[in-house]
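Architecture at a glance
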Amino acid sequence: MLTICYDPYSGTLGRFTRAEIFDLVAEAGYEGINIPVNAAFLGELSTAEIDDAINLAEKHNLVAPTIGFGNHILTTPARKAEALQHFETVLEVARRFHADVIGVWVNPSEGVSRQESLDALADNLSQMVTPCNENGMKIALEFEKGCPLDNYREGVAFIEDTGLSVYLTCDTYHLFNDGAEPHAAAHAMKSCLGDVHVSGSNRGEPGGGVFDFETFAQGLKEVGFDGPLVVQYKMEDVASIARSCEFTKKFRAMIQA
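Residues numbered from 1 in each chain as written. Predicted model: local features only at pLDDT ≥ 70, side-chain atom pairs only at ≥ 80, totals over all residues. Heavy atoms only, no water.

1. Here we look at the overall build of the chain
From N to C terminus, the chain includes 10 helices and nine strands. Against the 2.2 N^0.38 benchmark of 18 Å for 257 residues, the chain shows a C-alpha radius of gyration of 17 Å, consistent with a compact globule. Seen along its three principal axes, the alpha-carbon backbone of the chain occupies a region of about 45 × 45 × 35 Å. The burial tally for the chain puts 53% of its 257 residues in the buried class. Long-range contacts, defined here as pairs at least 24 residues apart, represent 81% of the contacts in the chain between residues at least 6 apart. Surface summary for the chain: the accessible area is close to 10700 Å², and the carbon and sulfur share equals 48%. For the chain, the distance from the average position of its 19 positive side-chain charges to the average position of its 37 negative side-chain charges is 3 Å. (Helix = DSSP H or I, 4+ residues; strand = E, 2+ residues; numbered from the N terminus. Rg over C-alpha atoms; globule rule 2.2 N^0.38 Å. Buried < 20%, exposed > 50% of the residue type's maximum accessible area, 1.4 Å probe, protein only. Contact = heavy atoms within 4.5 Å. Areas by Shrake-Rupley, 256 points an atom, 1.4 Å probe, with all protein chains shown as cover. Lys, Arg positive; Asp, Glu negative; His and termini not counted. Charge placed at Lys NZ, Arg CZ, Asp CG, Glu CD.)

2. Overview of the environment of Gly 111
Its place among the elements puts Gly 111 in the loop between strand 5 (101-105) and helix 5 (114-134). In the structure, Gly 111 is positioned 12 residues away from Asp 123 in sequence and 19 Å away in space, judged by C-alpha atoms.

3. Some details on the sheet that holds strand 2 (residues 32-33)
Spatial ordering of the open sheet is given by 2-1-9-8-7-6-5-4-3, a layout of nine strands whose pairing is parallel. Every other strand in the sheet has two partners, leaving strand 2 and strand 3 (35-36) as the edge strands with one partner each. Here strand 6 (residues 138-142) runs beside strand 7 (residues 167-171); their pairing, made up of three bridges, is parallel. Looking at strand 7, one finds that Leu 141 is bridged to Leu 168. Lying on the sheet, helix 4 (residues 80-96) is in contact with strand 3, strand 4 (66-68) and strand 5; it crosses strand 5 at an angle near 145 degrees. (Pairing = 2+ DSSP bridges. Axes fitted to C-alpha atoms, helices over the stretch in contact; angles between N-to-C directions.)

4. Observations concerning the pattern of salt bridges
Evaluation of the coordinates by the stated rule reveals 15 salt bridges. Across the salt bridge formed by Arg 96 and Asp 51, the nearest N and O atoms sit 2.7 Å from each other. Placement of the pair is Arg 96 in helix 4 and Asp 51 in helix 3 (residues 47-59), with a sequence separation of 45 residues. You can call Arg 96 partly exposed: its relative accessible area is 31%. Assessed through its relative accessible area of 29%, Asp 51 is described here as partly exposed. Note that Lys 249 and Glu 246 form a salt bridge whose closest N and O atoms lie 3.7 Å from each other. Of this pair, Lys 249 and Glu 246 both sit in helix 10 (residues 240-256), three residues apart, which is roughly one turn of that helix. Look at Lys 249 and you get partly exposed, because its relative accessible area is 30%. Each member of the salt-bridge network shares a partner with another, and the members are Lys 145, Asp 150, Arg 153 and Asp 178. (Salt bridge = Lys/Arg side-chain N within 4 Å of Asp/Glu carboxyl O.)

5. Considerations on the pairing of strand 6
With respect to burial, strand 6 is a largely interior element, four of its five residues being buried. As judged from the five bridges shared by strand 5 and strand 6, these two strands associate in the parallel manner. Within strand 6, the residue paired with Ile 102 across the bridge is Ile 139. Crossover connection from strand 5 via helix 5 to parallel strand 6: handedness right-handed. Note on the crossover from strand 6 through helix 6 (residues 152-162) to strand 7: the handedness is right-handed. (Right-handed = clockwise from strand over helix to strand, strands pointing away.)

6. Points about the packing of helix 9 (residues 213-223) against helix 10
The N-to-C vectors of helix 9 and helix 10 enclose an angle of 45 degrees; their axes lie 8 Å apart at closest approach. Classified by the angle their axes make, helix 9 and helix 10 are oblique. For helix 9 against helix 10, the interelement crossing comes out right-handed. Contacts from Phe 213, Glu 214, Phe 216, Ala 217, Leu 220 and Lys 221 in helix 9 reach Phe 247, Phe 251, Met 254 and Ile 255 in helix 10. Along the lines of polarity and charge, the residues of the contact of helix 9 with helix 10 split into eight nonpolar, no polar and two charged. (Parallel < 35°, antiparallel > 145°, perpendicular 65-115°, else oblique. Left-handed = near helix turned anticlockwise from the far one by under 90°. Nonpolar A, V, L, I, M, F, W, Y, C, P; charged D, E, K, R; others polar.)

7. As for helix 10
Residue pairs three or four apart in sequence face the same way in an α-helix, which turns once every 3.6 residues. For helix 10, built from 17 residues, the straight-helix expectation of 24 Å at 1.5 Å per residue is met to within 8% by its first-to-last C-alpha distance of 24 Å. Taken together, the buried positions of helix 10 are Ser 240, Ile 241, Ser 244, Cys 245, Thr 248, Phe 251, Arg 252 and Ile 255. Angular distribution of buried residues about the axis of helix 10 spans 140 degrees; they occupy a single face of the element. Where the residues of helix 10 are buried, they touch strand 1 (4-6), helix 1 (18-27), strand 8 (193-198), helix 9 and strand 9 (229-231). (Expected span 1.5 Å × (residues − 1). Arc of directions from axis to C-beta.)

Just geometry here; none of it tells us what the structure is for.
Laid out in structure tokens, this is it:
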């Protein structure tokens, strides 16, 4: 589908109300929006809050193919029960929005070794995969420098080692920071790429910085990637929301060329 979505991320969340965010995203020409399941976007995560977000999406004709696992505790061994409880809420939001991907940032967990973090993650995921499969959804894990999954190679290895049917979120910012070759990375992640986060190499708006989007697009085209393209960056200039959408439309055209 290569649906172009906006993620209410740093600079957007907390600066605008939920209704204002939907207005901005629709006006800028996006097709979809990422829904972070956290208090900053969905308040108390009540049915009324979720209903309101769904009504806003319908009003603006926006889809939500990606849902963010907002409580970053899946790598924390002592908080497994809480993590799985949060998953129930995330799954319900994902069901309501008919989402395709539940995105998980694989956070560092204080005072816990990398292996213990990954073991906790695998244990939690093993209980999350079946309900996701039953609802036609994928779980996508986001790698980042300094996190338990530091780069795409560790992400691919984790999926292969655990045998879990989970996927990866490839953020162009994290790919750049890893010094990875974008074309090779796309091919390495081929079968397990869930979605792509589109960002400038300095975490500014996409198209800013020096990330090689053309080479990455060629790789994505060759592996047949058709998941969501989620614009995620530190938003400072409101006009950049529309510019980022236009840039990502050109990026999509390169993938489809």
